[in-house]
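# Summary of structural features
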Amino acid sequence: MRVSEIYLAGGCFWGVEHLMKQLRGVVDTTVGYANGTTETPTYEQVCTDATGFAETVRVIYDTGRIGLDAILGMFLVAIDPTSLNKQGEDEGTQYRTGIYYTNDADLDIINSKMEELALRYNKPITVEVKPLENFYPAEDYHQDYLDKNPHGYCHLPLEIFEIARRYKKE
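Rules behind the numbers
Residues numbered from 1 in each chain as written. Predicted model: local features only at pLDDT ≥ 70, side-chain atom pairs only at ≥ 80, totals over all residues. Heavy atoms only, no water. Buried < 20%, exposed > 50% of the residue type's maximum accessible area, 1.4 Å probe, protein only. Helix = DSSP H or I, 4+ residues; strand = E, 2+ residues; numbered from the N terminus. Patch = residues over 30% accessible without salt bridge, like charges linked within 9 Å, V, L, I, M, F, W, Y side chains within 5 Å. Areas by Shrake-Rupley, 256 points an atom, 1.4 Å probe, with all protein chains shown as cover. Salt bridge = Lys/Arg side-chain N within 4 Å of Asp/Glu carboxyl O. Phe/Tyr/Trp six-rings, centres within 6.5 Å; stacked < 30°, edge-to-face > 60°. Pairing = 2+ DSSP bridges. Axes fitted to C-alpha atoms, helices over the stretch in contact; angles between N-to-C directions. Parallel < 35°, antiparallel > 145°, perpendicular 65-115°, else oblique. Left-handed = near helix turned anticlockwise from the far one by under 90°. Contact = heavy atoms within 4.5 Å. Nonpolar A, V, L, I, M, F, W, Y, C, P; charged D, E, K, R; others polar.

### Examining helix α1 (residues 13–21)
Burial of α1 is extensive: eight of the nine residues sit out of reach of the surface. The set of residues buried in α1 consists of Phe 13, Trp 14, Gly 15, Val 16, Glu 17, His 18, Leu 19 and Met 20.

Here you go:
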């Protein structure tokens, strides 16, 4: 198994994590805080908008079972890529959208997906594309939140999870 990683910010990290876990080939996820200015932030600090962090999901995937193109395709369908610092009812800089990469070789795929995305919208795309600067795992109660709380809050439409589950079986 050859694994790779990508970091995805799409509003509240609970739904994005749950979505990624539905995809065949995703072997691990961790919710946390990416690309901010302090060390080991807490959720309360991130919510102040003063730390610069985005709620982000670290996605580890088996490249023999799923490619970055497919992961990004599902992610970009699930978010509103034209909404700045807001997804669903969640608003603030920690809810901005972003794709943060650790492997420069991924940038061609990311840029290609962003170009395709821009063709489908009449408004500017607000998804950040940047190298990962830092990532701190969120508190334990945030990890696998929707598995532990199946009726918990999620800004993503429930249909997107079914689409991901069907994709997993193909």
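After that view of the structure, there is still more to cover.
### Considerations on a nonpolar patch on the surface
Where nonpolar side chains cluster on the molecular surface, the patch consists of Met 1, Val 3 and Val 27 and spans about 320 Å² of accessible area. Looking at the secondary structure, you find Val 3 in strand β1 (residues 3–10). Take Val 3: its relative accessible area is 45%, and that puts it in the partly exposed class.

### Things to note about the packing of aromatic side chains
The full count for this structure, using the stated rule, is four aromatic pairs. When the ring of Phe 13 is compared with that of Tyr 33, the centres are 5.9 Å apart and the planes differ by 40°; the resulting orientation is tilted. Placement of the pair is Phe 13 in helix α1 and Tyr 33 in strand β2 (residues 26–34), with a sequence separation of 20 residues. The class for Phe 13 is buried, based on a relative accessible area of 1%. Relative to Tyr 136, the ring of Phe 53 lies with its centre 5.9 Å away and its plane at 80°, an arrangement referred to as edge-to-face.

### Examining the pairing of strand β6 (residues 97–101)
Among the five residues that make up β6, five are buried, leaving the element largely enclosed by the rest of the structure. Where β1 lies against β6, four bridges are found, and the strand directions are antiparallel. Its bridge partner being in β6, Leu 8 is matched across the sheet by Ile 99. Sheet analysis places β6 next to strand β7 (residues 128–131), joined by four bridges and oriented parallel. Its bridge partner being in β7, Ile 99 is matched across the sheet by Val 129.

### A short note on the sheet that holds strand β3 (residues 54–62)
Taken in spatial order, the six strands line up as β7-β6-β1-β3-β2-β8 in an open sheet, and their pairing is mixed. The outermost strands of the open sheet, each flanked by one partner alone, are β7 and β8 (135–137). The average undirected angle you get between the axes of adjacent strands in this sheet is 35°.

### Here we look at unusual backbone geometry
Backbone geometry places Asn 35, a non-glycine residue, at a positive phi of 55°. Counting through the fold element by element, Asn 35 comes out in the loop between β2 and α2 (43–46). Residue classification places Asn 35 among the buried residues on the basis of a relative accessible area of 9%. A positive phi angle, near 70°, is found at Asp 49, a position not held by glycine. In this structure Asp 49 comes out as partly exposed when scored by relative accessible area, which is 37%.

### Some words on the packing of α1 against helix α3 (residues 68–78)
One way to put it is that α1 packs onto α3 with a least axis distance of 11 Å and a crossing angle of 140°. When the axes of α1 and α3 are compared, the pair comes out oblique. Handedness of the crossing formed by α1 with α3: right-handed. Within the contact between the two elements, α1 uses Val 16, Leu 19 and Met 20 and α3 uses Ile 71, Met 74, Phe 75 and Ala 78. For the contact of α1 with α3, the class distribution of residues is seven nonpolar, no polar and no charged.

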